[in-house]
Amino acid sequence: MTAPIVPFLALRTDVLARALDARDARFDGVFFVGITTTRVYCRPVCPARVAYNDHRRFFRSAAAAERAGFRPCMRCRPELAPGLALIDAVPRLARAAALRIAAGALNGRTVADLARDLGVSERHLRRALEREVGVSPLELAQTHRLLLAKQLLADTRLSVTRIAYSSGFQSLRRFNAAFREQYRMAPSVVRRRFRSRGTEKGVLREDAPLRLSLAYRAPFAWDALIAFLRRDAIDGVETVDKHRYARTIQIDGLTGFIVVENAAPKANALRVAVSPSLVPALMPLLARLRHLFDLDAEPTVIDAHLVESGLGALVTRRPGLRIPGAIDGFDVALRALLRGRARASGGTPPNDPARRAAWALGEPIETGIPELSRLTPNAARVAEAGSRRLEALGILRGRAAAAIAVARLVADGKLRLEPGSDVAATRRALTEIAGVGDQVATTIMMRALDWPDALPVTDRGLQRTAGVSTSRELRVRGERWRPWRAYAALHLWLELKTQQQTTPAPTAVA
């Protein structure tokens with residue numbers, strides 16, 4: 001087991017310097033270093049010659065480095081660094097705001113709008129982000145936009161105009177002005193530099209998918225994650241094999257498809273193909289993909305903690321295990337509600353009720369990929385259908401009623417199933433609905449809200465695998481796994497499934 005890393009705020013400058021000198025990939029995205037002589041900031045894995053100690057300034061985020069007047073390195077490209085999973089060190093408000101800003105919450109909207117969504121004053125939101133992240137909401141949003149634009153300039157042949165709007169800018173003029181002001185160069189300069197290095201991917205046809213990479217920190221248990229997604233998949237909506245995951249997408253009024261492959265494991269990156277129809281919603285889409293594959297996790301930290309907490313044998317079997325997230329939180333909730341408690345942890349039952357609902361209520365879509373022909377129904381369509389329609393599909397009355405109740409809450413904006421939403425309030429809203437128990441509610445929160453400390457203590461399978469017999473005992477046992485109880489739960493689920501697959505079937509007696 002490799003030594004764990006700790007959050008940036010707990011690290012001394014000499015520790016950061018040693019990590020930088022070693023180009024330790026485990027710290028990629030955990031901190032950035034600004035070089036005072038060139039006014040450039042880099043990732044800790046940058047291949048450039050390491051600067052003298054007195055020429056370095058360390059920052060906890062790219063936004064903080066840019067606020068201090070540094071521009072991104074052209075060699076290591078900070079826009080490609082994995083994100084940082086905010087949990088312990090950052091209070092809930094700052095975490096929720098940062099997640100939503102990364103998904104484009106301030107693109108065309110104001111800080112006051114975001115504060116209203118989060119139920120706080122604009123002043124309180126500004127102070128929380130300044131204190132915990134080191135930058136204002138607008139500065140954080142601007143950094144996300146500019147770094148995405150820089151990635152698109154370097155890795156695609158999209159026009160500068162399409163890049164400007166895809167990155168969240170509301171006009172080409174504002175994009176050009178912001179890029180010049182922040183990076184002291186025109187966008188065309190970035191494109192020319194990478195063209196001369198031969199890094200462009202060729203001319204992009206109007207109907208050709210956009211191809212990008214999404215970085216992660218090793219180790220990455222791709223096989224375990226893709227197996228979970230394959231068991232959870234709905235025919236027509238998704239197609240999954242051991243090398244790739246593809247599905248239809250509906251986001252911000254746009255429809256299309258994505259294909260994700262672990263095609264560059266040595267580079268610690270997933271390769272993503274995005275249909276051209278989804279390019280205008282690229283920022284929120286990429287945020288959702290990072291959530292789905294849990295790419296911002298710090299596996300060495302999580303694994304080391306679980307080893308110390310008594311799960312060493314399970315971690316050794318699956319180092320770098322990731323929590324399957326959600327492209328669409330309501331989609332995850334609908335599947336869990338319709339399939340019931342026994343399937344909340346993943347797995348498609350025969351005659352899958354979630355598939356029946358998707359094919360009856362979801363819209364058809366033409367993708368050019370025969371296996372992808374259906375969109376999952378959104379909350380409004382399910383709410384409009386009503387419980388009788390679901391019952392007519394053969395779905396049990398209690399499950400149908402629970403699904404409709406959740407759909408109405410989501411459609412009315414009273415329940416937000418997305419990263420950064422309030423965990424306690426979401427749990428209350430779900431468990432107040434008849435037919436929604438602890439296991440289903442916790443699974444929804446784990447996947448839709450990106451909550452790493454979720455633990456469904458009523459799950460009998462988890463209890464058996466953990467060696468306890470009651471919910472209370474599992475809750476007590478789980479205290480040692482905090483704040484990553486969801487990872488512990490997934491390890492136990494997978495171990496239970498392995499045991500079930502290896503247990504010989506009973507021999508029939510004549």
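Residues numbered from 1 in each chain as written. Predicted model: local features only at pLDDT ≥ 70, side-chain atom pairs only at ≥ 80, totals over all residues. Heavy atoms only, no water.

## Re the sheet that holds strand β8 (residues 254-264)
In spatial order, the strands read β5-β9-β8-β7-β6; together these five strands make up an open sheet with antiparallel pairing. Every other strand in the sheet has two partners, leaving β5 (210-215) and β6 (238-240) as the edge strands with one partner each. Across the sheet, the axes of successive neighbouring strands diverge by a mean angle of 25 degrees, strand direction being ignored. (Pairing = 2+ DSSP bridges. Helix = DSSP H or I, 4+ residues; strand = E, 2+ residues; numbered from the N terminus. Axes fitted to C-alpha atoms, helices over the stretch in contact; angles between N-to-C directions.)

## Concerning the packing of aromatic side chains
Tallying each qualifying case throughout the model produces eleven aromatic pairs. Judged by centre distance (5.6 Å) and plane angle (75 degrees), the rings of F31 and F58 are edge-to-face. Of the two residues, F31 sits in the loop between α1 (13-22) and β1 (32-35) while F58 sits in strand β3 (residues 56-59), which places them 27 residues apart along the sequence. On the basis of relative accessibility, which here comes to 0%, the residue F31 falls in the buried class. For the ring pair F32 and Y41, a centre distance of 6.0 Å and an interplane angle of 80 degrees mean the geometry is edge-to-face. Here F32 matches Y41 in class, with each residue buried. Members of the aromatic cluster, connected to one another through ring pairs, are Y216, F220, W222, Y245 and F293. One cation-aromatic arrangement involves R39 over F70; the distance from NZ or CZ to the ring centre is 4.0 Å. (Phe/Tyr/Trp six-rings, centres within 6.5 Å; stacked < 30°, edge-to-face > 60°. Buried < 20%, exposed > 50% of the residue type's maximum accessible area, 1.4 Å probe, protein only. Lys NZ or Arg CZ within 6 Å of the ring centre and 35° of its normal.)

## Notes on the sheet that holds β3
The strand order across the open sheet formed by four strands is β3-β1-β2-β4, and the pairing between neighbours is mixed. Only two strands of the sheet have a single neighbouring strand rather than two, namely β3 and β4 (71-72). Examined bridge by bridge, strand β2 (residues 40-42) and β4 share two bridges and lie parallel to one another. Residue pairing in the sheet places Y41 in a bridge with P72 of β4.

## Here's the deal with helix α12 (residues 299-317)
A rise of 1.5 Å per residue sets the reference length of α12, with its 19 residues, at 27 Å; its end C-alpha atoms lie only 14 Å apart and thus fall more than 12% short of the reference. Within α12, the axis deviates most sharply at L311, by approximately 135 degrees. If you check which residues of α12 are buried, you get P299, T300, V301, I302, D303, A304, H305, L306, S309, L311, L314 and V315. (Expected span 1.5 Å × (residues − 1). Bend = angle between axes of the 7 residues up to and from the residue.)

## Some remarks on the side chain of R322
The residue R322 is located in the loop between α12 and α13 (329-339) in this model. Despite its burial, R322 pairs with no opposite charge; the closest candidate is D294, at 5.3 Å N-O. A polar side-chain atom of R322 sits 2.5 Å from the main-chain carbonyl oxygen of R217. Reaching out from R322, the side chain makes a polar contact with the backbone oxygen of D294 at a distance of 3.0 Å. Beyond its immediate stretch of four places on either side in the chain, R322 contacts Y216, R217, P219, F220, L225, F293, D294, L295, A297, P299, Y487 and L490. (Lys, Arg positive; Asp, Glu negative; His and termini not counted. Salt bridge = Lys/Arg side-chain N within 4 Å of Asp/Glu carboxyl O. Polar contact = N/O pair within 3.5 Å; in protein donor to acceptor, adjacent residues only side chain to side chain. Contact = heavy atoms within 4.5 Å.)

## Regarding the pairing of β1
The alternating pattern of β1 places F32 and G34 and V33 and I35 on opposite faces, both of which are buried. The pairing of β1 with β3 spans four bridges and is antiparallel. By the bridge assignment, V33 is partnered in β3 with F58. Relative to β2, β1 is paired through three bridges, and the arrangement is antiparallel. Opposite V33, over in β2, you have C42 as the bridge partner.

## What to know about the packing of helix α3 (residues 92-102) against helix α5 (residues 122-132)
Packing of α3 against α5 brings their axes to within 9 Å, and their N-to-C directions diverge by 90 degrees. The angle between α3 and α5 falls in the class roughly perpendicular. In this structure, α3 contributes L93, A94, A97 and I101 to the contact, and α5 contributes H124, L125, A128, L129 and E132. Of the residues that constitute the contact of α3 with α5, the class distribution is seven nonpolar, one polar and one charged. (Parallel < 35°, antiparallel > 145°, perpendicular 65-115°, else oblique. Nonpolar A, V, L, I, M, F, W, Y, C, P; charged D, E, K, R; others polar.)

## As for the pattern of salt bridges
Close approach of charged atoms allows side chains with opposite charge to pair. Taken as a whole and assessed by the stated rule, the structure comprises 33 salt bridges. D28 is the salt-bridge partner of R43, the closest N and O atoms lying 2.5 Å from each other. One end of the pair, R43, is in the loop between β2 and β3; the other, D28, is in the loop between α1 and β1, with 15 residues separating them in the sequence. Residues R43 and D28 agree in their burial class; the two are buried. Of the charged contacts in the structure, one is a salt bridge between R318 and E495, with a shortest N-O distance of 4.0 Å. Of the two residues, R318 is situated in the loop between α12 and α13 and E495 in helix α21 (residues 485-502); the sequence distance between them amounts to 177 residues. Take E495: its relative accessible area is 12%, and that puts it in the buried class. Within this structure, D232, E238, R247, D331, R335, R339, D352 and R447 form a network of salt bridges that share partners.

## So, the side chain of N268
Tracing the sequence through the fold places N268 in the loop between β8 and β9 (269-274). Of the residues examined, N268 reaches a relative accessible area of 18% and is grouped as buried.

## Topic: the state of the cysteines
Under the criterion given, the structure shown has zero disulfides. With no disulfide partner, C42 has as its closest neighbouring cysteine sulfur the one in C73, 3.9 Å distant. For C42, a relative accessible area of 10% puts it in the buried group. With no disulfide partner, C76 has as its closest neighbouring cysteine sulfur the one in C46, 3.7 Å distant. What makes C76 buried here is its relative accessible area of 6%. (Disulfide = S-S within 2.5 Å.)

Nothing here speaks to function; it is geometry throughout.
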